[in-house]
Amino acid sequence: MTAPGGTVSAVGAGAPATLRRHPASLAVSVGTVAFVLLVVSVASAVTIGPADIRIADVWASVASHLGLGSTPLTPLRDGIVWELRLPRILTAGAVGAGLALSGAIMQAITRNPLADPFLLGLSSGASLGAVAVLLLGVGLLLPPAAFLGALLALGATLGLARAGGPISPTRTVLAGVAVSALAGALTSLVIFWTATGDSYREILSWLLGSVAGARWPAVAIGVGALVLIGIPLMAGARTLDAFAFGDTAAAALGIDVVAARWTLLLATALLTGSMVSVSGAIGFVGLVVPHAVRLVVGARHRALLPISALVGALFLIWADTIARSLFDPRELPVGVVTAIIGAPVFAALLIRRKTAR
Amino acid sequence: MKGTPDATGLTGQRISVRTGGRLLLDGVDCRVDSGRTTALLGPNGAGKSTLLRALGALERPARGEVRADGRDLFSMRRRERARLAALVEQDLHTEVELSVRQVVELGRVPHEGLFGEDADGGSAVDSALDRAGVAAFADRAFGTLSGGERQRVALARALAQATPILLLDEPTNHLDIAAQLRTLRLLRDLAADGIAVIAALHDLSLAAGWADDVVVLDRGRAIAAGPTESTLTPELIERVYGVGAQLFPHPTTGRPMLAFEEMTSPRTTAEAEGRGQ
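What counts, and at which threshold
- Residues numbered from 1 in each chain as written.
- Chains lettered and ligands numbered in written order.
- Predicted model: local features only at pLDDT ≥ 70, side-chain atom pairs only at ≥ 80, totals over all residues.
- Heavy atoms only, no water.
- Buried < 20%, exposed > 50% of the residue type's maximum accessible area, 1.4 Å probe, protein only.
- Helix = DSSP H or I, 4+ residues; strand = E, 2+ residues; numbered from the N terminus.
- Contact = heavy atoms within 4.5 Å.
- Buried area = accessible area lost by both parts, 1.4 Å probe.
- Salt bridge = Lys/Arg side-chain N within 4 Å of Asp/Glu carboxyl O.
- Lys, Arg positive; Asp, Glu negative; His and termini not counted.
- Pairing = 2+ DSSP bridges.
- Axes fitted to C-alpha atoms, helices over the stretch in contact; angles between N-to-C directions.
- Core = buried A, V, L, I, M, F, W, Y, C linked by side-chain atoms within 4.5 Å.
- Patch = residues over 30% accessible without salt bridge, like charges linked within 9 Å, V, L, I, M, F, W, Y side chains within 5 Å.
- Areas by Shrake-Rupley, 256 points an atom, 1.4 Å probe, with all protein chains shown as cover.

**Q** Can you lay out helix α1 (residues 48-55) of chain B for me, pointing to particular residues and giving the numbers?
**A** Residue and element names in this part refer to chain B. A large share of α1 lies buried, amounting to six of its eight residues. Restricting attention to buried positions, one finds in α1 the residues K48, T50, L51, L52, A54 and L55. A57, located one to two residues past α1, shows a positive phi value of around 60 degrees.

In structure tokens form, the structure reads like this:
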């Protein structure tokens, strides 16, 4: 894929000598295409499922609920569109966007291409926080509890990665595995302990993620977090660029390194926590999406962040659509689909690191 | 800001830096004048990099202060400071896939507005690429460059920052002799434009021919500072580096040159061991 005006040539052992040019106009076109695809995807994903719904039905239902006309749909069909499918799809979109954004930001501030809210344990920590509120009756709202869980997990991962040696990308991921395993086990324990019915199903949906039960309150949390946290985070794009060469280099460019790092890490924990509180721990979105987007629009965050958010939304909407239709009427946790796509990408990144240094 | 920098240079007073209980710098005084080149000399571990970071206000000293044109660097806003002094670090490395031009554009970060607006940005980047001699490979991936090419890109990034003060840590590292001389000439040209240039250098002979002034560090102390010709004497080199040295004029340029020989006296060996720990 060669951008207009750019060239790809090769020297030596096939190493790209010239980077594709990534002009701002390319980012704008890619962003526009992704946005149009997103609107089309939301509408067409609503039509997929056991009940026969057409695009026109989707429009009729949405229009009637927004007060733009009366609905010719039966209450049952309207309910399927407005009460079940649409909130579920919008939640998937918001969660995908939030996780992709979190991943891109974490990769930049930890200078770790393997960083991802799931791999570093934030998602499992957030799940534990959410489950504690839902099942143990801890007196907190769901999103703040998930945020606290994510924050604790992040602190544990970074602390563990730093204990007894210099912090490195691989050590950080290993620490994340340990934290994630513990938080996941505690989550399962809490669910089992308080279970009255189908606890396996519930454990699966928190550990592997699911938006099956998402209704309008979930949309409100997901979209709300995206607007309140995600959009302001995009203002930090240039700060993230400045981290490319390390802390001293960033400081020499006028960045308050300590403040920037903590603000951005706290914000990603908050964003991840909000998303996990409605969807459970969906893995690999934050890893796969930013890496794929970088290949097309380059590494600069002013383009990378918004386009990662759009592509993350697209990715999770379709992953969820596959998850609910592949073995219809049984549902696969959406995290199974994202892991099947994400784990090979993770492996590829590991192999590339080994050859790089 | 071009041509007439708003600072007359940089002054460090009684700078002490302590890390993990170890005193890296112990009351160092030094000044870097606008329009002059200053070589920062000293054996490995003498504290050269630490002093450069302190002068750029990137590391807060335990004691001492850094002033530019009478103003305390640590009381300035960070962005303002980054428009005053640029640092060229050793061995630039990143995992991020950036082109040479994108790396150089990072030098504009302290000049950019909230939405990336920067009126002089494009021309500053073009001229920095050009002056550092990296324009020919501006679109190459930074990760594919040789050590010497990276070094020049690091210099280009600092030039794009358009600061009246330039701090360089071993800017001739990894460069072949032609590129070393080209880099040092560029730094002299920048000084001639009124910029204050200080560079940590390993090669005493190159430094002697290049620098207007020298600051000599040894084990965290500034043991000599002043104009090169009167300061960088064979006696000083013998005392600091433990080698015999002779100064003589370059046959064609007349600038000072140095020749070295190993010293065999027991005092030197003992000193070297004392430093080696």
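**Q** Tell me about the interface of chain A and chain B, and please be specific about residues and values.
**A** Reports often express the size of an interface as the amount of accessible area lost when the parts come together. Taken together, the contact between chain A and chain B spans 26 residues of the former and 34 residues of the latter. For the pair chain A and chain B, the summed buried area comes to about 2,700 Å², and 58% of that belongs to carbon and sulfur atoms. Run the count over chain A and chain B and you get three salt bridges. With a shortest N-O distance of 2.7 Å, E105 of chain B and R300 of chain A are connected by a salt bridge.

**Q** I'd like to hear about the side chain of R150 of chain B, residue by residue, with values.
**A** Examined against the element boundaries, R150 of chain B turns out to sit in helix α5 (residues 147-160). Look at R150 of chain B: it is buried, it has no salt bridge, and the nearest opposite charge is E149 of chain B at 7.3 Å.

**Q** Describe the sheet that holds strand β4 (residues 63-68) of chain B, listing the residues and the values that go with them.
**A** Residues and elements named next belong to chain B. Within the open sheet, the four strands sit side by side as β2-β1-β4-β5. Their pairing is antiparallel. A single partner strand is all that each edge strand has here, and the edge strands are β2 (22-33) and β5 (71-72). Where strand β1 (residues 9-19) and β2 come together, eight bridges link them in antiparallel fashion. Across the sheet, residue R18 finds its bridge partner in β2, namely L23. Across the face of the sheet, α1 comes into contact with β1, β2 and β4 while running at roughly 120 degrees to β1.

**Q** Mind laying out the nonpolar core, listing which residues take part and the relevant values?
**A** By size, the foremost hydrophobic cluster in this structure holds 154 residues, and its most contacted members are F245 of chain A together with L41, V104, V153, L166, L187 and W210 of chain B. With 16 residues, the single largest contributor to this core is helix α3 (residues 75-109) of chain A. Not counting chain neighbours up to four residues away, the residues in contact with W210 of chain B comprise T37, T38, A39, L184, L187, R188, V197, A199, L201 and R255 of chain B. Listed in part, the 30 residues of the second largest apolar core include C30, A46, L73 and L167 of chain B.

**Q** Break down a nonpolar patch on the surface for me, citing the residues and quoting the values.
**A** Residues and elements named next belong to chain A. A contiguous nonpolar surface patch, about 510 Å² in accessible area, is contributed by L136, V138, L140, L148 and W193. With respect to the helices and strands, the residue L148 is situated in helix α5 (residues 142-162). On the basis of relative accessibility, which here comes to 42%, the residue L148 falls in the partly exposed class.

**Q** Which residues make up the pattern of salt bridges, and what values go with them?
**A** All names here are of chain A. Counted according to the given criterion, the structure contains 23 salt bridges over all chains. In this structure, the salt-bridge partner of R77 is D57, at a minimum N-O distance of 2.9 Å. On the criterion of sequence distance, the pair formed by R77 in helix α3 and D57 in helix α2 (residues 55-65) is long-range, its members being 20 residues apart. Residue R77 is classed as partly exposed on the basis of its relative accessible area, which comes to 27%. Judged by relative accessible area, which is 15%, D57 ranks as buried.

**Q** Give a description of the pairing of strand β11 (residues 243-249) of chain B that names residues and reports values.
**A** Every other side chain in a regular strand lies on the same face of the sheet, so the side chains alternate between the two faces. In terms of strand pairing, β11 of chain B meets strand β12 (residues 256-262) of chain B through seven bridges, oriented antiparallel. Considered in β12 of chain B, the bridge of A245 of chain B is made with F260 of chain B.

**Q** So, the sheet that holds strand β9 (residues 213-218) of chain B: which residues are in play, and what are the values?
**A** In sheet architecture, strand pairing relies on hydrogen bonds along the backbone and comes in two forms, parallel and antiparallel. All names here are of chain B. Pairing is mixed across the open sheet formed by six strands, whose spatial order is β6-β7-β8-β3-β9-β10. With one partner strand each, in any of the chains shown, β6 (85-88) and β10 (221-227) form the two edges of the open sheet. Averaged over all neighbouring strand pairs, the angle between strand axes comes to 15 degrees, with direction disregarded. Sheet topology note: the strand β3 (residues 37-41)/β9 ladder contains four bridges and is parallel. If you follow L40 over to β9, its bridge partner there is V215. Packed on one face of the sheet, α1 meets β3, β6, β7 (165-169), β8 (196-200) and β9 and runs near 155 degrees to β7. Here α5 sits on the sheet and contacts β6 and β7; the angle it forms with β6, its principal contact strand, is near 175 degrees.

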